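Observations on the model geometry
Here's the letter readout for the chains.
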Amino acid sequence: MAAPFDLNDDSVVVIIGTGAGGGVLANELAQKGVSVVALEAGGRYLPEDYINDEWESFGQLAWLDPRTTSGDWRVAKDFSGLPAWIVKAVGGTTVHWAGASIRFQEHEWKAKTTYGDVAGANLLDWPIDAAEMAPWYEKAETKLGVTRTGGRAGLPGSNNYKVFEAGARALGYKEVHTGRMAINSADYDDRMACQQTGFCFQGCKWGAKWSAAYTDIPRGEATGNLEVRERAHVARILHDASGKVTGVEYFDKDGTLQMQKARIVCVAGNSFESPRLLLNSASSMFPDGLANSSGQVGRNYMRHTTGSVYAVFDKPVRMWRGTTMAGIVQDEARHDPSRGFVGGYELETLSLGLPFMAAFLDPGAWGREFTSALDGYENMAGMWIVGEDMPQETNRVTLNHEVKDQYGLPVVDVHFDDHPNDVAMRNHAYRQGVAIYEAVGATRTFPTPPYPSTHNLGTNRMSENPRDGVVNKWGQAHDIANLFVSDGSQFTTGAAENPTLTIVALAIRQADHIAREMGKGAL
Amino acid sequence: MSQHQSPRGLTRRELLKSGVAAGAAFVVGSGFVLHSREAWAMETKALAPATMATLIQMARDIYPHDRVPDQYYAIAVKGYDTSEAAPAIEAGVAALDAAAQGMGHASYLATPWERDRVDILRSMEGGPFFQTIRGGLVTGLYNNKEVWPIFGYEGESYSEGGYINRGFDDISWL
Ligand SMILES: Cc1cc2nc3c(=O)[nH]c(=O)nc-3n(C[C@H](O)[C@H](O)[C@H](O)COP(=O)(O)OP(=O)(O)OC[C@H]3O[C@@H](n4cnc5c(N)ncnc54)[C@H](O)[C@@H]3O)c2cc1C
Ligand code: SF4
């Protein structure tokens, strides 16, 4: 049967969310002939709709439904209602993302074995490893057209990159380049080359950056096997007396509650909404929420150890010209406990426009110390820190029954405290970032606090043993065979790398597994 | 806000004559604030003109940029000139003036040195009035496209074909 599918069609795979995980999974399954209904809370926006304006674009694309925060992280103070900066739209946060696409390092799949016991950290090895993931990474890199892989050329260096590179080389860093980016350095896969417009976070109007919104989603739909229902907010996953999931309840674009039957349900709403859905689906059979016999649903929330370093020079840089993320230093990504922490971090250039710089450089600050920094905006260069943070059981997403969303559903509270390892790593990275810019003559540097989380991971983690996590090595719930988690929430640990390439590789692999098991009649 | 033109058809000279000097740059009269140096005037509807003048000065003192004219601070706070917002703003400005008087000045606007005005603001920075004004300025001031060129920021670039041929890599001093 071809799309659109009937609400009572119980042969379909229902995917919740159409971002990096869900959008790719939907297309991959559709290409294999599997019938898919993808339910997406947000609307559909394409390159012609994207806006080269930071706040206007934020209003168009960002997830703004209420959330609450707690814990000692500075985001809870600066942006108490906005713990994460993520997208609510067809294509999910791949509309916003910068495109940095790097593989995990081999040892990062085995964090517990490599780092040993770290007090207060709930470390665990992934049930998969680098060798198992290598072919899936290659498929993901080909899909995304990642530069500096598969014979694809790197992007040219922008002003922001050149300052960063010169400083990094002066410090003796060796692994310095314009990054492995899901941004075309030449025409590729029917998408044009990057025009260096500099609004990658606002949606690429040229389509030069990969996003599920205008690649995987329409291609899946073209097969006739995929129906994407936009403005469809899933409220609950339903199950039968045997404990298998049978479908989902969602609010459609008119706010009417609908029920879609399903053979398999895949949850891909990003690391806040995915556990929220499992918890909001509690029943008499599963009083603690679906797939939660381990008690790990919502726990081990990771957001990468981040921060930024901006610097002002005595001459213009104009960092906003060109790709938002324009290069990387990888030398510090290694595991080297002599630095005073386990795991490693990447340094990646970043630029913000004046409106976002005013909001994020030092939230809450005022007076001349702050404004004189912005007076130097034209002469500013910037970088972002992304490092492995420690999973902690108490860093978690819970239901906040005091606050309801527009559908009357309890929202999530996001609790996060920095682990001492995170703090030590961030301070090391601040020092190195400052040194890079001082090596090329910065007159003033700004170690800038973390923004609302863009990388949200770990809240339905993968584990070998059902006792330690929520899903197995296929992203399949330990407790419920026809329930899958398909987004970044399945990460066992975060590694130092930006997560999306790994989310995409896991989704391609999961599609392969689901189609095979369906073929065998096992699902 | 009626920028660059006098309210109610009065000439600038007539307005100047009917108003009273407030602070270094403002003249306030009934229903208007006039900026003597920048030659613009704005009508006020719900707020007392002296309150609006104080608010503009307060905005500048929170985010002082010497290259940004008062006009843009005025635009950033003019949204408070509504009947809904006015009571809280009048009360906030009254508290600001009281704080100024507590430090030996006639009023906030009549406090000549920025350093002293900043001290007055510091005494109020934990309160909701200060935080509302400061928070609103983050977008009210910096998200005004007319302000961007003063900082060198070029804004939208898609319609110009991006920067691929317009200097994304033109740095010459490294
Ligand atoms: C500014 C920015 C820059 C970034 N840059 C990079 C980068 O350079 N490299 C990198 O690797 N990563 C980057 N990221 C992170 C990357 O975008 C995310 O890691 C990735 O998109 C997460 O994929 P996901 O599938 O988990 O969730 P998402 O892509 O967020 O998709 C989740 C989707 O589910 C939908 N949804 C949620 N709940 C429901 C519900 N109940 N019913 C229906 N639909 C629902 C949401 O609306 C959303 O569309 C960046 C993120 C941001 C914000
Ligand atoms: S800089 Fe390149 S990738 Fe980024 S939005 Fe512009 S064209 Fe797209």
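First things first, this report covers the structure right here in the doc. (Residues numbered from 1 in each chain as written. Chains lettered and ligands numbered in written order. Predicted model: local features only at pLDDT ≥ 70, side-chain atom pairs only at ≥ 80, totals over all residues. Heavy atoms only, no water.)

1. Examining the side chain of asparagine 421 of chain A
- By the secondary structure assignment, asparagine 421 of chain A is in helix α11 (residues 420-438).
- Discounting residues that sit within four places of it in the chain, asparagine 421 of chain A has contacts with Phe341, Val342 and Met390 of chain A. (Helix = DSSP H or I, 4+ residues; strand = E, 2+ residues; numbered from the N terminus. Contact = heavy atoms within 4.5 Å.)

2. Considering empty space enclosed by the protein
Residues and elements named next belong to chain A.
- All chains considered together, the criterion is met by six cavities of 30 Å³ or more.
- Here the largest cavity is characterised by a volume of approximately 770 Å³.
- As for the largest cavity, its lining consists of 46 residues, and the residues nearest its centre are Ile86, Val87, Gly92, Thr93 and Asn270.
- The residue inventory of the lining of the largest cavity, partitioned by class, reads 23 nonpolar, 19 polar and four charged. (1 Å grid on protein atoms, 1.4 Å probe; cavity = no way out; pocket = protein on both sides within 12 Å on 5 of 7 lines; lining within 4 Å. Points joined across faces, edges and corners; volume = space filled by probe spheres on them. Nonpolar A, V, L, I, M, F, W, Y, C, P; charged D, E, K, R; others polar.)

3. Some words on the packing of aromatic side chains
- Counted according to the given criterion, the structure contains 35 aromatic pairs over all chains.
- Each ring, one from tyrosine 50 of chain A and one from tyrosine 214 of chain A, has its centre 6.5 Å from the other, and the planes form 55 degrees; the classification is tilted. Here tyrosine 214 of chain A lies in the loop between β4 (176-177) and α7 (216-222) and tyrosine 50 of chain A lies in the loop between β2 (36-39) and α2 (54-61), a separation of 164 residues in the sequence. No difference in accessibility class separates tyrosine 50 of chain A from tyrosine 214 of chain A, as the two residues are buried.
- Linked through ring pairs, Trp55, Phe58, Phe79, Trp85, Phe201, Phe356, Phe360 and Tyr451 of chain A together constitute an aromatic cluster.
- Here the basic side chain of lysine 88 of chain A rests over the ring of tryptophan 63 of chain A, its NZ or CZ set 4.8 Å away from the ring centre.
- The ring of tyrosine 158 of chain B carries lysine 205 of chain A above its face, with NZ or CZ at 5.0 Å from the centroid. (Phe/Tyr/Trp six-rings, centres within 6.5 Å; stacked < 30°, edge-to-face > 60°. Buried < 20%, exposed > 50% of the residue type's maximum accessible area, 1.4 Å probe, protein only. Lys NZ or Arg CZ within 6 Å of the ring centre and 35° of its normal.)

4. Some remarks on the interface of chain A and chain B
- Each partner contributes residues to the interface: chain A has 42 residues there, and chain B has 40 residues.
- Between chain A and chain B the total buried area reaches about 3700 Å² when both faces are included, carbon and sulfur atoms providing 61% of it.
- Considering only the side of chain A, the residues that lose the most area to chain B are Arg321, Trp366 and Arg368 of chain A, jointly responsible for 22% of the buried surface there.
- At the surface where chain A touches chain B, the tally comes to five salt bridges. (Buried area = accessible area lost by both parts, 1.4 Å probe. Salt bridge = Lys/Arg side-chain N within 4 Å of Asp/Glu carboxyl O.)

5. Some remarks on the layout of surface pockets
- The space that makes up the largest pocket amounts to roughly 340 Å³.
- Forming the boundary of the largest pocket are 19 residues, of which Asp78, Phe79, Ala359 and Pro363 of chain A together with Arg134 of chain B lie nearest the centre.
- Counting residues per element, the ones that place at least two in the lining of the largest pocket are α2, α3 (74-78) and α9 (354-360) of chain A together with α6 (128-140) of chain B.
- In terms of residue count, α6 of chain B provides more of the lining of the largest pocket than any other element does, four residues in total.
- Each residue belonging to the lining of the largest pocket can be placed in one class, and the counts come to twelve nonpolar, three polar and four charged.
- If you go around the second largest pocket, you meet 17 residues; those closest to its centre are Ala24, Arg37, Gln57, Arg60 and Arg117 of chain B.
- With three residues, helix α2 (residues 49-62) of chain B is the single largest residue contributor to the lining of the second largest pocket.
- Residues that form the lining of the second largest pocket fall into these classes: five nonpolar, four polar and eight charged.

6. Section: the site of ligand 1
All names here are of chain A.
- Around ligand 1, a shell composed of 39 residues is seen, among which Gly21, Glu40, Thr93, Asn270 and Thr500 lie nearest.
- Taking alanine 98, its main chain carries an N or O atom lying 2.9 Å from a nitrogen atom of ligand 1.
- Between a nitrogen atom of ligand 1 and a main-chain N or O atom of alanine 100, the distance comes to 2.9 Å.
- A total of 1000 Å² of accessible area belongs to ligand 1 in isolation, and the protein chains cover 99% of it.
- Here ligand 1 occupies the largest cavity.
- Elements with a contribution of two residues or more to the shell around ligand 1: α1 (20-31), β6 (233-239), α8 (270-280) and α12 (500-519). (Near = heavy atom within 4 Å. Polar contact = N/O pair within 3.5 Å; in protein donor to acceptor, adjacent residues only side chain to side chain. Areas by Shrake-Rupley, 256 points an atom, 1.4 Å probe, with all protein chains shown as cover. Sits in = over half its atoms within 2 Å of the grid points.)

7. Considerations on the packing of α1 of chain A against α12 of chain A
Residues and elements named next belong to chain A.
- At their nearest, the axes of α1 and α12 sit 8 Å apart, and the two run at 35 degrees to each other. Here the hand of the crossing between α1 and α12 comes out right-handed. Listed contacts from α12 to Ala20, Gly21, Val24, Leu25, Glu28 and Leu29 of α1 are Thr500, Ile503, Val504, Ala507, Ile508, Gln510, Ala511, Ile514 and Ala515.
- Looking at the contact of α1 with α12, its residues break down into eleven nonpolar, three polar and one charged. (Axes fitted to C-alpha atoms, helices over the stretch in contact; angles between N-to-C directions. Left-handed = near helix turned anticlockwise from the far one by under 90°.)

8. Structural notes on the site of ligand 2
- Surveying the vicinity of ligand 2 reveals the residues Ile183, Cys194, Gln195, Gln196, Thr197, Gly198, Phe199, Cys200, Cys204, Trp206, Lys209 and Thr323 of chain A.
- A molecule is said to occupy a pocket when more than half its atoms come within 2 Å of that pocket's grid points, and by this definition ligand 2 occupies the second largest cavity.

9. Regarding helix α4 (residues 86-102) of chain B
- The terminal C-alpha atoms of α4 of chain B, which comprises 17 residues, lie 24 Å apart, in line with the 24 Å expected from a rise of 1.5 Å per residue.
- Turning to α4 of chain B, the residues buried within the fold contact α2, α5 (114-122) and α6 of chain B. (Expected span 1.5 Å × (residues − 1).)

10. Here we look at the nonpolar core
- The biggest cluster of nonpolar side chains holds 136 residues, and the ones touching the most others in it are Tyr310 and Tyr437 of chain A together with Leu55 and Met58 of chain B.
- In terms of residue count, α2 of chain B provides more of this core than any other element does, seven residues in total.
- Excluding its chain neighbours within four sequence positions, the residues that come into contact with methionine 58 of chain B are Leu96, Tyr108, Leu121, Phe129, Phe130 and Ile133 of chain B.
- Counting residues in hydrophobic clusters, the runner-up holds 79 residues, among them Trp126, Cys266, Leu277 and Phe286 of chain A. (Core = buried A, V, L, I, M, F, W, Y, C linked by side-chain atoms within 4.5 Å.)

11. Describing the sheet that holds strand β13 (residues 380-387) of chain A
Residues and elements named next belong to chain A.
- Spatially, six strands are ordered β4-β11-β12-β13-β10-β16 in an open sheet, and the strand pairing comes out antiparallel. The open sheet is flanked by β4 and β16 (444-448), the only strands paired with a single partner.
- The sheet contact formed by β4 and strand β11 (residues 328-329) spans two bridges and is antiparallel. From the neighbouring strand, histidine 177 faces β11, where its bridge partner is isoleucine 328. (Pairing = 2+ DSSP bridges.)

12. Describing the pairing of strand β15 (residues 410-415) of chain A
Residues and elements named next belong to chain A.
- Of all six residues in β15, five are buried, a share of seventy percent or more.
- As defined by bridge partners, strand β3 (residues 68-70) adjoins β15 across three bridges and the pair is classed as parallel. Looking across to β15, one finds that serine 70 is bridged to histidine 415.
- Summarising the sheet, strand β14 (residues 396-404) and β15 pair through six bridges and their orientation is antiparallel. Of the residues in β15, the one forming a bridge with asparagine 400 is valine 411.
- Between β14 and β15, which pair antiparallel one after the other, the connecting turn spans five residues, and glycine 408 there sits at a positive phi close to 80 degrees.

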